[in-house]
Amino acid sequence: YDPYQLDNGAEGSFVRSLGKLMAVAVIIAIAFSIFVLYRHDWSFDLGNLDRMLDRAFGKESKTQPIDSPLAHLTITPPATKDAKLADGLRVLTAAGVVKNVGTLAKRFIYVKASLKQKGRVIDSARAPAGNMFTPAELAKLTKAQLDSTINPAGKNGRNVKVAPGESVEYMVVFLELPDDYAASKYEAVAEVVKAEMYEGP
């Protein structure tokens, strides 16, 4: 009879069981992370981890907290239009209007637009509101020039202050269109993703 041998055997069994539990926990954690990323179009925002989890499990509220800069900003569905840049690149514009229906002024409003096919995101882009371009204006710009022309303040400072009851137009340009793009096959959606409270006079 050797009690030390029995203790070693029990300890080995415990270590093996613990190892299996840890392996299962790691697999579950990886699967959970993949699911959350999938629900957010494979993007990760550590600063808004709680909102990511809520959205992943369908618990995110459709309304923003009353003190959030995003509260009381409504957005119209985007109207899309084909265009070409100066370098021949085919692009798609998604344009609409953001309205401040609250009682506090907002500024530096950003809109994210997504191009979807059967619910799957094909491309997405974001831009500050107030930057509108006609097809003729886009035809004179290369991709690099377009990027440098877009101003967070918007053209003529339209995105510097959006007072209560006022609206500001938005335009997001998709630069990576699928080869088979057609309005009948794809859907564009838009949302306000960033804004600040206006604190000036």
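Quick notes on the rules
Residues numbered from 1 in each chain as written. Predicted model: local features only at pLDDT ≥ 70, side-chain atom pairs only at ≥ 80, totals over all residues. Heavy atoms only, no water. Helix = DSSP H or I, 4+ residues; strand = E, 2+ residues; numbered from the N terminus. Buried < 20%, exposed > 50% of the residue type's maximum accessible area, 1.4 Å probe, protein only. Core = buried A, V, L, I, M, F, W, Y, C linked by side-chain atoms within 4.5 Å. Contact = heavy atoms within 4.5 Å. Pairing = 2+ DSSP bridges. Axes fitted to C-alpha atoms, helices over the stretch in contact; angles between N-to-C directions. Phe/Tyr/Trp six-rings, centres within 6.5 Å; stacked < 30°, edge-to-face > 60°. Lys NZ or Arg CZ within 6 Å of the ring centre and 35° of its normal. Salt bridge = Lys/Arg side-chain N within 4 Å of Asp/Glu carboxyl O.

Visitor: I'm lost on unusual backbone geometry in this one. Help?
Guide: Trans is the common state for peptide bonds, and a negative phi is the common state for residues other than glycine. Look at H72: it is not a glycine, yet its phi comes out positive at around 65°. With respect to the element layout, H72 can be found in the loop between helix 2 (49-56) and strand 1 (73-75). If you check the backbone angles, N156 has positive phi at about 60° while not being a glycine. Along the chain, N156 turns up in the loop between helix 4 (143-149) and strand 6 (167-174). Judged by its relative accessible area of 83%, N156 falls in the exposed class.

Visitor: Got a minute to help me understand the nonpolar core in this structure?
Guide: A general trend in soluble globular proteins is that nonpolar side chains are found buried together. Core analysis: the largest hydrophobic core is formed by 23 residues, its most contacted members being V98, I109, L115, V172, F174 and V192. For this core, the secondary structure elements donating two or more residues are strand 3 (90-100), strand 4 (106-117), strand 5 (120-128), strand 6 and strand 7 (187-197). What L115 contacts, discounting residues up to four positions off in sequence, is L92, R120, V121, I122, D123, F174, L177, P178, Y181, Y186, E187 and A188. Counting residues in hydrophobic clusters, the runner-up holds 11 residues, among them L85, A95, L141 and L146.

Visitor: Just checking my understanding: could you explain the sheet that holds strand 4 for this structure?
Guide: The strands that make up a sheet are held in pairs by hydrogen bonds between backbone atoms, and each pair lies either parallel or antiparallel. One open sheet holds the 3 strands; their spatial order is 5-4-7, and the pairing between them is antiparallel. Every interior strand has two partners, whereas the edge strands, strand 5 and strand 7, have only one. Neighbour-to-neighbour, the strand axes of the sheet open up by a mean angle of 20°, direction not taken into account. Both strand 4 and strand 5 contribute to a ladder of 8 bridges, which runs antiparallel. Residue pairing across strands places A113 opposite A125, the latter belonging to strand 5.

Visitor: What is the right way to read the packing of aromatic side chains from this model?
Guide: Where two aromatic rings form a pair, the distance of their centres and the angle of their planes describe that pair. Summed over all chains, the structure comprises 1 aromatic pair. When the ring of Y181 is compared with that of Y186, the centres are 5.5 Å apart and the planes differ by 35°; the resulting orientation is tilted. Take Y181 and Y186: they sit in the same class, and that class is buried. Stacked on the ring of F133, the Lys or Arg K155 has its end atom at 4.3 Å from the ring centre.

Visitor: When you look at the pairing of strand 3 in this model, what are you seeing that I'm missing?
Guide: Where a strand is regular, its side chains alternate between the two sheet faces. Counting buried positions over the 11 residues of strand 3 gives 8, a clear majority of the element. Direction of pairing for strand 1 relative to strand 3: antiparallel, over a ladder of 3 bridges. Bridge pairing in strand 3 places T74 opposite K99. What sits between strand 2 (residues 79-84) and strand 3 in their antiparallel hairpin is a turn of 5 residues, with G88 showing a positive phi close to 90°. As paired elements, strand 3 and strand 6 share 8 bridges and run antiparallel to each other.

Visitor: Is there a simple way to think about the pattern of salt bridges in this case?
Guide: Opposite charge on two side chains lets them pair, provided their charged atoms get close. Applying the stated criterion across every chain, the model contains 5 salt bridges. With a shortest N-O distance of 3.0 Å, R107 and E196 are connected by a salt bridge. Of this pair, R107 sits in strand 4 while E196 sits in strand 7; the two residues are 89 residues apart in sequence, bridging distant segments of the chain. Residue classification places R107 among the partly exposed positions, given a relative accessible area of 29%. For D147, the salt bridge is made with K143, and the minimal N-O distance between the two is 3.5 Å. Residue D147 and its partner K143 are both found in helix 4; the two are separated by 4 residues, about one turn of the helix. D147 gets classed as partly exposed once you look at its relative accessible area, which sits at 42%. Note on K143: relative accessible area 38%, which makes it partly exposed.

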